[in-house]
Amino acid sequence: MQNLEPGMPQPLNFYSFTLEGLEKFLKQYGKEKFRAQQIFKWVYEQRVTDFDQMLNLSKDLRAELKNLITFNLPPIVKHLVSVDGTQKFLFDVRDGNSIEAVVIPSDDRLTLCVSSEIGCNMACQFCFTGKQKLKRRLDTYEIVGQFMQVQDILNKSGLKLSNIVFMGMGEPLDNCEAVFGAIDVIHSPWGVNLSRKKITVSTSGLIPEMWRVADAKVRLAVSLNGYNDEVRSLVMPINKKYPLADLLEECKSYYRATGDKITMEYVLLKGVTDQLDHAKQLVKLLRDVPCKINLIPFNEHPGSGFERPSDETVQAFHTECMRLGAQVLLRRTMGRDIYAACGQLTTKVNRPETMDISNSKIGGNNARSFSSGQPGL
Ligand code: SAH
Ligand code: SF4
């Protein structure tokens, strides 16, 4: 959230404001409270982001606000469209850094996967973002901005985002203030107005902050990725601090508070987490946790030291989990040809899109690339 004290460096970014925040801000400048509601309507309903066009505000107020509040968002510097319809957007967030957001189409949904940090300090061994140490936590406006900028582009094709998942770069619960500020803007009727049930926060398991997901009444996904403490600590060092027993207890608390099942994400790493015996231990581990398991075959990136299991192994693991009575879904890999799949996102503006993906059967020749923020879809 931004510092609202008068005398602080101006202008402030509009997309970091909640309705209440803007009301307070206007009050400090001696303006009427209801003006905030009017401005929110212009921005989120009409998509007007120029005070001069907000005609129900007085001329003087418009002139004053122009000096105090900006609508500038990180520019989209690259837009890639995969052969499977997945789209990746690269935003320039200053200092040579970028973040990525991905639009994933499915039968009845258009899901936006957003980033919450530039890099990540959790150091999960299989994750490309984890190899890029945390450079900066994103601000609320940079998270809301991913949604608004992508939606503005989709508007041209008459498309509407239906869901948002915090599964891009970074650990959302390591940046709670900005993430839950953005969630407030995204679900509120005065903001984007997306139902809370269409918002999912994915965490590597920062137990002390997990209550906030229940408190915000949004969906919880947990990156499990191990069937016991030994394996999970190996691939996710955070497990040494917050071991499985405590993590699963916290998941049960979430369920008690919300009545919503947790999504357990489980990355299949060849020889490490993909054996039938691992499936047995996984299902046993989760037997009294109300959840559905989401299997994600590992997506390769250079120097990870892990391999993607064969399709047969993945299928066998899936079948075994079902046979044992688990509610389990095999996540279809989307956007691999444009490096938009889980765990492939980067902080570098100038990554060569020819990253070597060993083992990959996809060509990428049909992927389309747009280099400015004005792509034709
Ligand atoms: N930091 C959060 C959200 C971002 S990661 C978290 O860890 O939950 C989103 C998901 O991508 C996680 O479930 C993670 O396990 C998965 N993931 C990371 N790297 C991957 C890779 N190389 N292949 C497949 N899935 C990966
Ligand atoms: Fe961070 Fe999530 Fe990647 Fe782990 S999996 S390094 S928590 S982004």
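For the structure, check the block above.
A.B. asks: Residue-level account of the overall build of the protein chain, with values.
C.D. replies: Counting its regular elements, the protein chain contains 11 helices and 15 strands. By residue count, 57% of the 377 residues in the protein chain fall in the buried class. For the protein chain, the proportion of contacts with a sequence separation of at least 24, taken over those separated by at least 6, is 63%. If you sum the accessible surface of the protein chain, you get close to 16700 Å²; carbon and sulfur atoms cover 49% of it.

A.B. asks: Before we move on, could you go through the pairing of strand β11 (residues 219-223) and cite the residues and values that matter?
C.D. replies: In terms of burial, β11 is largely enclosed, as four of its five residues are buried. Bridging between strand β10 (residues 199-203) and β11 involves four bridges; their strand directions are parallel. Across the sheet, residue Thr203 finds its bridge partner in β11, namely Val222. Crossover connection from β10 via helix α6 (residues 207-215) to parallel β11: handedness right-handed.

A.B. asks: Would you mind going over a positive patch on the surface in detail, with residue names and values included?
C.D. replies: Together, Arg109, Lys198, Lys261 and Lys292 make up a positively charged patch on the protein surface. With respect to the element layout, Lys261 can be found in the loop between α9 (244-258) and β12 (262-268).

A.B. asks: Describe the site of ligand 1, naming the residues involved and giving the relevant values.
C.D. replies: The environment of ligand 1 is made up of 22 residues, and the closest members are Gly170, Ser202, Ser223, Asn225 and Asn299. Contacts to ligand 1 include Asn299, whose backbone N or O atom sits 2.9 Å from a nitrogen atom. Bound to the protein, ligand 1 loses 96% of the 530 Å² it would expose on its own. When residues of the shell around ligand 1 are traced back to their parent elements, those giving at least two are β10, β12 and β13 (291-297).

A.B. asks: Describe the packing of α6 against α9, with residues and values.
C.D. replies: As a packed pair, α6 and α9 sit with axes 9 Å apart at the nearest point and diverge in direction by 15 degrees. Between α6 and α9, the crossing angle belongs to the class labelled roughly parallel. Read as a crossing pair, α6 and α9 show a hand that is right-handed. Each of Ile207, Met210, Trp211, Val213 and Ala214 in α6 lies in contact with α9, whose residues at this interface are Asp246, Leu247, Glu250, Cys251, Tyr254, Ala257 and Thr258.

A.B. asks: Any chance you could break down the packing of aromatic side chains for me, citing the residues and the numbers?
C.D. replies: Scanning all chains against the criterion turns up 13 aromatic pairs. An angle of 50 degrees between the planes, with centres 4.9 Å apart, marks the rings of Phe14 and Phe40 as tilted. Highlighted residues: Phe14 in the loop between β1 (12-13) and α1 (19-28) and Phe40 in helix α2 (residues 34-45), separated in sequence by 26 residues. With respect to burial, Phe14 and Phe40 carry one shared label: buried. With a centroid separation of 5.1 Å and 50 degrees between ring planes, the pair formed by Phe25 and Tyr29 is classed as tilted. A relative accessible area of 1% means that Phe25 is categorised as buried.

A.B. asks: If you had to explain the packing of α1 against α2 to someone new, which residues and values would you point to?
C.D. replies: At their nearest, the axes of α1 and α2 sit 8 Å apart, and the two run at 130 degrees to each other. In terms of orientation, α1 lies oblique with respect to α2. When you trace α1 past α2, the crossing you get is right-handed. For the pair α1 and α2, contact is made by Leu19, Leu22, Glu23 and Leu26 and by Arg35, Ala36, Gln37, Ile39 and Phe40, respectively.

A.B. asks: Explain unusual backbone geometry residue by residue, including any values.
C.D. replies: Here the phi dihedral of Arg94 falls at roughly 70 degrees; this positive angle occurs in a residue that is not glycine. A positive phi angle, near 60 degrees, is found at Ala123, a position not held by glycine. Topologically, Ala123 is positioned in the loop between β7 (117-118) and β8 (136-137).

A.B. asks: Describe in detail helix α4 (residues 140-155), supporting the description with residues and values.
C.D. replies: Helix length check: α4 (16 residues) gives 22 Å between terminal C-alpha atoms against 22 Å at 1.5 Å per residue, within 8%. Buried residues dominate α4, accounting for 14 of its 16 residues.

A.B. asks: Tell me what's going on with the state of the cysteines, and back it up with residues and numbers.
C.D. replies: Enumeration according to the criterion identifies zero disulfides in this entry. Free of any disulfide, Cys291 has its nearest cysteine sulfur in Cys251, 8.0 Å distant.

A.B. asks: Outline the pairing of β10, supporting the account with residue identities and numerical values.
C.D. replies: Summarising burial for β10: five of the five residues are buried, a large majority. Of the two faces of β10, the one carrying Ile199, Val201 and Thr203 and the one carrying Thr200 and Ser202 are both buried. Relative to β10, strand β9 (residues 163-166) is paired through three bridges, and the arrangement is parallel. Looking across to β10, one finds that Val165 is bridged to Thr200.

A.B. asks: Any chance you could break down the pattern of salt bridges for me, citing the residues and the numbers?
C.D. replies: A complete count under the given rule lists 17 salt bridges for this structure. The closest approach of N and O atoms between Arg137 and Asp174, which form a salt bridge, is 3.1 Å. You can see Arg137 sitting in strand β8 and its partner Asp174 sitting in the loop between β9 and α5 (176-187), a full 37 residues away along the chain. Taken together, the shared-partner salt bridges connect Glu117, Arg137 and Asp174 into one network.

A.B. asks: Requested: an account of the side chain of Arg35, with residues and values cited.
C.D. replies: Note on placement: Arg35 falls in helix α2. Within polar-contact distance, the side chain of Arg35 engages the side chain of Glu32 at 3.1 Å. A polar contact of 2.8 Å, which involves the side chain of Arg35, links it to the side chain of Gln38. For Arg35, the residues in contact, after removing those within four places along its chain, are Leu26, Asn56, Leu57 and Leu61.

Reading the values: rules and limits
Residues numbered from 1 in each chain as written. Chains lettered and ligands numbered in written order. Predicted model: local features only at pLDDT ≥ 70, side-chain atom pairs only at ≥ 80, totals over all residues. Heavy atoms only, no water. Helix = DSSP H or I, 4+ residues; strand = E, 2+ residues; numbered from the N terminus. Buried < 20%, exposed > 50% of the residue type's maximum accessible area, 1.4 Å probe, protein only. Contact = heavy atoms within 4.5 Å. Areas by Shrake-Rupley, 256 points an atom, 1.4 Å probe, with all protein chains shown as cover. Pairing = 2+ DSSP bridges. Right-handed = clockwise from strand over helix to strand, strands pointing away. Patch = residues over 30% accessible without salt bridge, like charges linked within 9 Å, V, L, I, M, F, W, Y side chains within 5 Å. Salt bridge = Lys/Arg side-chain N within 4 Å of Asp/Glu carboxyl O. Lys, Arg positive; Asp, Glu negative; His and termini not counted. Charge placed at Lys NZ, Arg CZ, Asp CG, Glu CD. Near = heavy atom within 4 Å. Polar contact = N/O pair within 3.5 Å; in protein donor to acceptor, adjacent residues only side chain to side chain. Axes fitted to C-alpha atoms, helices over the stretch in contact; angles between N-to-C directions. Parallel < 35°, antiparallel > 145°, perpendicular 65-115°, else oblique. Left-handed = near helix turned anticlockwise from the far one by under 90°. Phe/Tyr/Trp six-rings, centres within 6.5 Å; stacked < 30°, edge-to-face > 60°. Expected span 1.5 Å × (residues − 1). Disulfide = S-S within 2.5 Å.

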